[in-house]
Amino acid sequence: HQTPSSFWHTWRWYLITILMLTAFYVVIFAPLFIIKNIIINHTPSLQTTARVKELVENTIQKRRWGIIPQSNLLFFSGYQAKQALANEFYTTGLSFERHWPNVLRVNLSPDYTVALWLTGDKKYFLDRRGLLIQELTSDIKLIDPNLLEIREVLSIDKLGAKISERRLGSQVAQTEVI
């Protein structure tokens, strides 16, 4: 024989569930944790800073697991942003810092441009190790017009085949040359 429970005992669990769901909704969708400011550190030019910011903003517009907005500082995925940035830039270090309640700081490693690598109709920035770090496009203005220019000579791999395309992050010049 079971004693009847009180009204509050029965409804207490419903009330707790509703409050938890409301709190979850507020944390995810409330404007308190929406990323409003993106700060980019250590880029070689203003145009590069703008492009990095654009790529991070594109990542923020996506949803995580199809539900949760990446614009929420709590649920921002640095992994997805790193993948988007790796398609256009080579950097040895990339980190994201969350500053509460709504600032995201993007820290690129300071891969300083020391030379331009010219190949065919394309130009690339080289760092001090001789690695390609970014393609020079028409919208990027050179900060230092006196950069060393290195022209590609016919590159041959070990089997004698011509190397036609280099990827960002590949070494194209010896450090002694730079």
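In case you missed it, the structure is sitting above this.
Note that the structure is predicted; figures quoted are calculated from it, not measured.

**Student:** Looking at this structure, I do not really get the nonpolar core. What am I missing?
**Tutor:** Most often, soluble globular proteins keep nonpolar side chains buried together rather than apart. V52, V56, L85, F96 and V106 are the most contacted members of the largest nonpolar core, which totals 17 residues. If you list the elements that add at least two residues to this core, you get β1 (37–41), α2 (46–60), α3 (78–86), β4 (94–99) and β5 (103–108). If one sorts the elements of this core by residue count, α2 sits on top with four residues. Leaving out residues up to four positions away in the same chain, F96 has contacts with V56, F76, G78, A81, K82, L85, L104, R105 and V106.

**Student:** Can you help me understand the packing of aromatic side chains in this one?
**Tutor:** Aromatic ring pairs: the centre-centre distance and the angle between the two ring planes describe each pair. In this structure the tally under the stated criterion is three aromatic pairs. With a centroid separation of 6.2 Å and 90° between ring planes, the pair formed by F33 and W100 is classed as edge-to-face. You can see F33 sitting in the loop between α1 (7–29) and β1 and its partner W100 sitting in the loop between β4 and β5, a full 67 residues away along the chain. Aromatic side chains F76 and F96 sit 5.5 Å apart centroid to centroid with 70° between the ring planes, which places their arrangement in the edge-to-face category. Here F76, found in the loop between β3 (68–69) and α3, pairs with F96, found in strand β4; they are 20 residues apart in sequence, far enough to count as distant. Exposure remark for F76: the relative accessible area of 2% places this residue in the buried category. In this structure F96 comes out as buried when scored by relative accessible area, which is 16%.

**Student:** Can you walk me through the packing of α2 against α3 in this structure?
**Tutor:** Helix-helix packing is characterised by the crossing angle of the two axes and by the distance between the axes. Between α2 and α3, the shortest axis-to-axis distance is 9 Å and the interhelical angle comes to 140°. Judged by the inter-axis angle, α2 sits oblique to α3. Regarding α2 and α3, the two cross each other, and that crossing is right-handed. Of the residues in α3, those touching α2 at V52, L55, V56 and T59 are Q80, A81, A84 and L85. Class assignment for the residues of the contact of α2 with α3 results in six nonpolar, two polar and no charged.

**Student:** What should I look at first to understand the side chain of S71 in this one?
**Tutor:** Of note, S71 is situated in the loop between β3 and α3. Setting aside its immediate chain neighbours within four residues, S71 contacts F33, I34, I35 and I60.

**Student:** Honestly, the pairing of β5 in this entry has me stumped. Any pointers?
**Tutor:** For β5, a buried count of five out of six residues is recorded, marking the element as mostly surrounded by other parts of the structure. Across six bridges, the pairing between β4 and β5 is antiparallel. Of the residues in β5, the one forming a bridge with S95 is N107. Hairpin geometry of β4 and β5 is characterised by an intervening segment of three residues between the two adjacent antiparallel strands.

**Student:** Please explain the environment of R105 as it appears in this structure.
**Tutor:** Note that R105 resides in strand β5. On the accessibility criterion, R105 (27% relative accessible area) is partly exposed. With 65 residues separating them in the primary sequence, R105 and I40 have C-alpha atoms 6.1 Å apart.

**Student:** Quick question: what am I supposed to make of unusual backbone geometry here?
**Tutor:** If a residue is not glycine, its phi is most likely negative; likewise, a peptide bond is most likely trans. Here the bond from W100 into P101 is cis, since omega is 10°, no more than 30 degrees from zero. Positionally, P101 belongs in the loop between β4 and β5. The backbone of W65 shows a phi angle near 60°, a positive value even though the residue is not glycine. Counting through the fold element by element, W65 comes out in the loop between β2 (63–64) and β3.

About the thresholds
Residues numbered from 1 in each chain as written. Predicted model: local features only at pLDDT ≥ 70, side-chain atom pairs only at ≥ 80, totals over all residues. Heavy atoms only, no water. Core = buried A, V, L, I, M, F, W, Y, C linked by side-chain atoms within 4.5 Å. Buried < 20%, exposed > 50% of the residue type's maximum accessible area, 1.4 Å probe, protein only. Helix = DSSP H or I, 4+ residues; strand = E, 2+ residues; numbered from the N terminus. Contact = heavy atoms within 4.5 Å. Phe/Tyr/Trp six-rings, centres within 6.5 Å; stacked < 30°, edge-to-face > 60°. Axes fitted to C-alpha atoms, helices over the stretch in contact; angles between N-to-C directions. Parallel < 35°, antiparallel > 145°, perpendicular 65-115°, else oblique. Left-handed = near helix turned anticlockwise from the far one by under 90°. Nonpolar A, V, L, I, M, F, W, Y, C, P; charged D, E, K, R; others polar. Pairing = 2+ DSSP bridges.

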